[in-house]
Amino acid sequence: MNTSQLEKFAQLTRLRLLDIVKGKIEYVTSTDSTELRDYQEAIQKLKKDINKFGVQTIIDRVAYTWFNRLMALRFLDANEYQPLGLKVISPKQGYSLPEILDEAKQGNIVEELNVDTAKINDLLDGHIDSTNPQNEVFKILLIAQCNYLNELFPFLFEKINDYTELLLPDDLTSELSITNDFVKGMSDDDCQHVEILGWLYQFYISELNAKLISSSKAYKKEELAPASQLFTPKWIVQYMVDNTLGQVWAELKPNAIGLSQLEYYIKPEENNKINRTTKSIEEIKFFEPCCGSGHILSYAFDVFYLMYEDAGTNPADIPGLIIKNNLFGIDIDSRASQIASFVLLMKARQKYRRFFKTMVKENITPNIYHYEDIEGDEKLSNATALGSLIKISQAEADAITVEEGTIFADDQQKVKNLYNLLATKYDVVVTNPPYINSKRMEPQLKRYVENTFPTSKSDLFAAFIEQCLFLTNKEGLTGYMTPFVWMFISSYEDLRKKIIDNHLIHSLVQLEYSGFDGATVPICTFTLRNQYIENAKGSYIRLEDFKGSQNQGPKTLEAINNPACGWFYIKNQKEFSVITGNPISY
């Protein structure tokens, strides 16, 4: 996947969409024309929202909405996943117009789109005056397709019946159109990797991300999400999931053939095992509390698929079972959580070509959520800042009631879902948490962290180390990618002591100081057992001698496959307590 090209595409397309939407807003709010008189209600709603949120917020919101939709449509096109069988913004091989428009010109309009066929035919035949009939027809078909996809992906394709339609770019079919930018910018080859969706989102917000990080001020609440978005390298995702979910699998079924496919799985020292309570695969719960665009959940899907496959489950049933029973995620960024849901459904469709039909028939929806501030609820009133650091007990979750059939039911169900999510004790919790030190925390967030996580208040990532253990059941495992400062410096001494005394460092990989391109801090990735095991030893890999991000994954694999390599270590963590400050001195 050519990430450099994708970065350029996402950033240029963002700027172009912002400029287009700005121009459209200026036009529709200042022009009195015949073509706009049918949209007066939408225009009044637009003006009202501009007064309420500000014009720049509306520009940003609409520009991203169309970026997200066109990105999803292009991905569906490139993989031939469109449920109605026609590419929407992409042409067939050897053609130049979008396939859905090309078919309409030949009189083939899919009935499910529920469009005015007579109007389309009149436009194409010249019976209705239009400066660009093909473009006008394609706009009708594009909006109809987005509305149709609402049934499958309501989180991504909300019904278009407001000013979002009005602010759609004018040129949709020429060589210079925004839709053609997506066709060229997202190649068929790149679209074979579902990770493209997460990369594009990170690149879309990268300018804002860089601007926020380079400033020295405390973040505002609305800045926390873009400031903390960080795409986790694939090999680290594999390492974290292989040594948490993979370890659960190994303890439930030690002789599972599929375990050999987990290339970053480190077989633990003999004492570093437990007699795990027997449970079915359907009962294993995996949670990503800062799920972003779903990169970790996407790979967890692959491991669960291997587990079901090994158990002899009908392949047609596996994708639905995983999405319904096994994977859970949430984020403070609603845009990222939309992509995460879409990613999981694309993984399912990749495995089973009739999955979309099954999804509708069985009402399968990803267990992916985003935080909202809920006025009047003590726990969730500042949820978009606190995120998954919010502590909920099972008793508190059980106490939330939903008054079915009342006007309060939807909001109550939303609260109930969030309480249940945060009260559940998971078998596996894996995340790449936000790295935000106390000086830059939003004021209410800082107070909450100081009061709730006094031993790890220096940085959000440290608070998340504790919180993930809280979210895990007694036999559970957690996985992280964080700065490695917690291993040594004095401000994390109490956190280290808590881990050494009460939990178990199952494995740890310390990257070379500049071994991760995505952050300016030195990184480690590690897995913890919630349960301390007497005399157990953890596995440690030290990559200090191998410069460059490109060497970190291969050298980790080399150590896993050859523990005598010289940079693989086995240690009992109680030895760390002998040294003042409890450094993780493996």
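None of these values were measured; they are calculated from a predicted model. (Residues numbered from 1 in each chain as written. Predicted model: local features only at pLDDT ≥ 70, side-chain atom pairs only at ≥ 80, totals over all residues. Heavy atoms only, no water.)

Some words on the packing of aromatic side chains
Consideration 1: This model, assessed by the stated rule, comprises 28 aromatic pairs.
Consideration 2: Above the plane of the ring of Phe-470 lies Lys-391, whose end atom (NZ or CZ) is 3.8 Å from the centre.
Consideration 3: Cation over ring: Lys-574 sits above Tyr-532, and NZ or CZ is 4.9 Å from the ring centre. (Phe/Tyr/Trp six-rings, centres within 6.5 Å; stacked < 30°, edge-to-face > 60°. Lys NZ or Arg CZ within 6 Å of the ring centre and 35° of its normal.)

Focus: a positive patch on the surface
Consideration 1: On the surface, Arg-353, Arg-354, Lys-357 and Lys-361 cluster together into a patch of positive charge.
Consideration 2: Considering the arrangement of structural elements, one finds Lys-361 in helix H17 (residues 355-362).
Consideration 3: Using a relative accessible area of 76% as the deciding quantity, one classes Lys-361 as exposed. (Patch = residues over 30% accessible without salt bridge, like charges linked within 9 Å, V, L, I, M, F, W, Y side chains within 5 Å. Areas by Shrake-Rupley, 256 points an atom, 1.4 Å probe, with all protein chains shown as cover. Salt bridge = Lys/Arg side-chain N within 4 Å of Asp/Glu carboxyl O. Lys, Arg positive; Asp, Glu negative; His and termini not counted. Charge placed at Lys NZ, Arg CZ, Asp CG, Glu CD. Helix = DSSP H or I, 4+ residues; strand = E, 2+ residues; numbered from the N terminus. Buried < 20%, exposed > 50% of the residue type's maximum accessible area, 1.4 Å probe, protein only.)

Notes on helix H8 (residues 178-185)
Structural remark: α-helix, 3.6 residues per turn; residues separated by three or four positions point the same way.
Consideration 1: With seven of eight residues buried, H8 is to be regarded as a mostly interior element.
Consideration 2: Along H8, the positions that sit buried rather than exposed are Ile-178, Thr-179, Asn-180, Asp-181, Phe-182, Val-183 and Gly-185.
Consideration 3: Buried positions along H8 lie against helix H1 (3-30), helix H3 (55-78) and helix H6 (133-149). (Contact = heavy atoms within 4.5 Å.)

Concerning the sheet that holds strand E4 (residues 426-431)
Consideration 1: The strand order across the open sheet built from nine strands is E3-E2-E1-E4-E5-E7-E6-E8-E9, with neighbouring strands paired in mixed fashion. In the strand order of this sheet, the two ends are held by strand E3 (367-370) and strand E9 (568-571), each with one partner. Strand after strand, the sheet turns through a mean of 15° between neighbouring axes, direction not considered. (Pairing = 2+ DSSP bridges. Axes fitted to C-alpha atoms, helices over the stretch in contact; angles between N-to-C directions.)

With respect to H17
Consideration 1: Taken together, the buried positions of H17 are occupied by Phe-355, Phe-356, Thr-358 and Met-359. In a view along the axis of H17, the buried residues occupy a sector of 160°, so they form one face of it. Residues of H17 that are exposed and angled more than 90 degrees away from the buried face: Lys-357 and Lys-361.
Consideration 2: Two residues or fewer after H17 comes Asn-363, characterised by a positive phi angle close to 55°. (Arc of directions from axis to C-beta.)

Topic: the side chain of Asn-582
Consideration 1: By the element assignment, Asn-582 lies in the segment after E9.
Consideration 2: Residue class for Asn-582 comes out buried when judged on its relative accessible area of 10%.

Looking at the nonpolar core
Consideration 1: Among the nonpolar cores identified, the biggest contains 140 residues, and Phe-75, Leu-142, Phe-153, Phe-286, Phe-342 and Met-346 are the most heavily contacted of them.
Consideration 2: Considering each element in turn, this core owes the most residues, 14 residues, to H3.
Consideration 3: Non-local contacts of Phe-342, meaning those with residues more than four positions away in its chain, are made with Ala-72, Phe-75, Leu-76, Phe-153, Phe-155, Leu-156 and Leu-197.
Consideration 4: By size, the runner-up hydrophobic cluster in this structure holds 58 residues, among which are Leu-212, Tyr-371, Ile-400 and Ala-423. (Core = buried A, V, L, I, M, F, W, Y, C linked by side-chain atoms within 4.5 Å.)

Thoughts on the pattern of salt bridges
Consideration 1: Within the structure shown, the criterion is met by 23 salt bridges.
Consideration 2: The closest approach of N and O atoms between Lys-24 and Asp-170, which form a salt bridge, is 2.7 Å. Separated by 146 residues along the polypeptide, Lys-24 in helix H1 and Asp-170 in the loop between helix H7 (163-166) and H8 bring together distant segments of the chain.
Consideration 3: Lys-24 sits in the buried class, given a relative accessible area of 10%.
Consideration 4: Between Asp-501 and Lys-497 there is a salt bridge, with the nearest N and O atoms lying 2.8 Å from each other. Here Asp-501 pairs with Lys-497, and both are found in helix H23 (residues 493-502), just four residues apart, close to one helical turn.
Consideration 5: Taking the relative accessible area as the measure of exposure, Asp-501 reaches 31% and is therefore partly exposed.
Consideration 6: Through salt bridges with shared partners, a single network forms among Glu-251, Arg-276, Glu-475 and Arg-529.

Observations regarding the state of the cysteines
Consideration 1: The full count for this structure, using the stated rule, is zero disulfides.
Consideration 2: Note on Cys-290: no disulfide assigned, nearest cysteine sulfur contributed by Cys-468 at a separation of 6.6 Å.
Consideration 3: What makes Cys-290 buried here is its relative accessible area of 12%.
Consideration 4: For the unlinked cysteine Cys-565, the closest cysteine sulfur is that of Cys-524, found at 18 Å. (Disulfide = S-S within 2.5 Å.)

Interpretation note: all reported values are geometric properties and have no functional meaning in isolation.
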